[in-house]
Amino acid sequence: MRRKVIAGNWKMNMLPDAAIRFIDEITPMVKDTKNEVVLCVPYTDLFYALLAAQNTNIKIGAQNMHWEESGAYTGEVSGKMLKAIGVEYVIIGHSERRQYFAETDETVNKKLKAAFANNLKPIVCVGETLEQREAGMANDIITSQTEKALDGLTDEQVANTIIAYEPIWAIGTGKTATSEDANNAIKAIRNKISNLYGQNVSERVIIQYGGSVKSTNAQELFSMSDIDGGLVGGASLKVDEFAKIVNYRKD
Ligand code: PGA
């Protein structure tokens, strides 16, 4: 059975004092969950969040990284740097980075390889726009993004990649994909991985849903056959709400 991974994506929110308070408050609320709990925080919160999350079951992730280990890349942070301070997870290829910061399938692929080279656990985002969905191209887009992201990885690396299916029209809009639509899209991604890397690998890949996940829809979404948890933006900024999402079902 694949584990559910519930990851918060704070985006460009939360100052260090708020981050520490959030983690202190949520720690007792999520300590008994069997789900993996991850908070992907801004770079400037990482160190504080790592200290606050010590001796808890909360894992800390970054929201981006560069593919080179070091060098003349002003303003960038490498996977090696993240690993050095104890970061475990990293989001790669979020649609906001693709849209506003020129992230491409090629840079996503390079970053994914660099994440594995530095023993970071990558959460790779794929998703279609509303126009692409309406044109009936959603599955083509997300399976192609998946194929390009995973290109050149070993079977073991593919099995250890977390994919977040995030339809762009559902991010921050309050519009959630129906659980059936989300499950079908995720099945299409899993099928693609099965065709490329075999069924054993595809059955191990954790594929999350993201896009307006809330405490009121988490149970329905995460109970679907192929949805292995969620990448949660807005609702991960509120302690009670995020704790409810993590505890959508107590095992
Ligand atoms: P949202 O964001 O939950 O606020 O829609 C999800 C994401 O962008 O990862």
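Owing to the predicted nature of the structure, the values given are computational and were not obtained by experimental measurement. (Residues numbered from 1 in each chain as written. Predicted model: local features only at pLDDT ≥ 70, side-chain atom pairs only at ≥ 80, totals over all residues. Heavy atoms only, no water.)

J.: Describe the overall build of the protein, with residues and values.
T.: Looking only at helices and strands, the protein features 12 helices and 8 strands. The C-alpha radius of gyration of the protein comes to 17 Å, within 12% of the 18 Å expected for a compact globule of 251 residues. Its C-alpha atoms put the protein at 45 × 45 × 35 Å along the principal axes. Going through the 251 residues of the protein one by one, you find that 55% of them count as buried. Taking the contacts inside the protein whose residues are at least 6 apart along the sequence as the reference set, 73% of them involve residues at least 24 apart. Working note: accessible area of the protein is about 11400 Å², and carbon and sulfur atoms make up 51% of it. (Helix = DSSP H or I, 4+ residues; strand = E, 2+ residues; numbered from the N terminus. Rg over C-alpha atoms; globule rule 2.2 N^0.38 Å. Buried < 20%, exposed > 50% of the residue type's maximum accessible area, 1.4 Å probe, protein only. Contact = heavy atoms within 4.5 Å. Areas by Shrake-Rupley, 256 points an atom, 1.4 Å probe, with all protein chains shown as cover.)

J.: Give me the lowdown on the site of the ligand, citing residues and values where you can.
T.: The ligand sits among 13 residues. The nearest are Lys11, His94, Glu166, Gly172 and Ser212. In this structure, an oxygen atom belonging to the ligand sits 2.8 Å away from a main-chain N or O atom of Ser212. The contact in question runs from an oxygen atom of the ligand to an N or O atom on the backbone of Gly234, over 2.8 Å. In isolation the ligand offers 280 Å² of accessible surface; the protein chains occlude 95% of this area. (Near = heavy atom within 4 Å. Polar contact = N/O pair within 3.5 Å; in protein donor to acceptor, adjacent residues only side chain to side chain.)

J.: Explain the layout of surface pockets to me, and be specific about the residues and the numbers.
T.: Taken as a whole, the largest pocket encloses approximately 450 Å³ of empty space. As for the largest pocket, its lining consists of 15 residues, and the residues nearest its centre are Lys11, Met12, Gln63, Arg97 and Phe101. When contributions to the lining of the largest pocket are tallied by element, the ones reaching two or more residues are helix H2 (43–52) and helix H4 (95–100). The element that contributes the greatest number of residues to the lining of the largest pocket is H4, accounting for 3 residues. Residue composition of the lining of the largest pocket, grouped by class: 7 nonpolar, 5 polar and 3 charged. Considered as a void within the structure, the second largest pocket measures approximately 300 Å³ in volume. (1 Å grid on protein atoms, 1.4 Å probe; cavity = no way out; pocket = protein on both sides within 12 Å on 5 of 7 lines; lining within 4 Å. Points joined across faces, edges and corners; volume = space filled by probe spheres on them. Nonpolar A, V, L, I, M, F, W, Y, C, P; charged D, E, K, R; others polar.)

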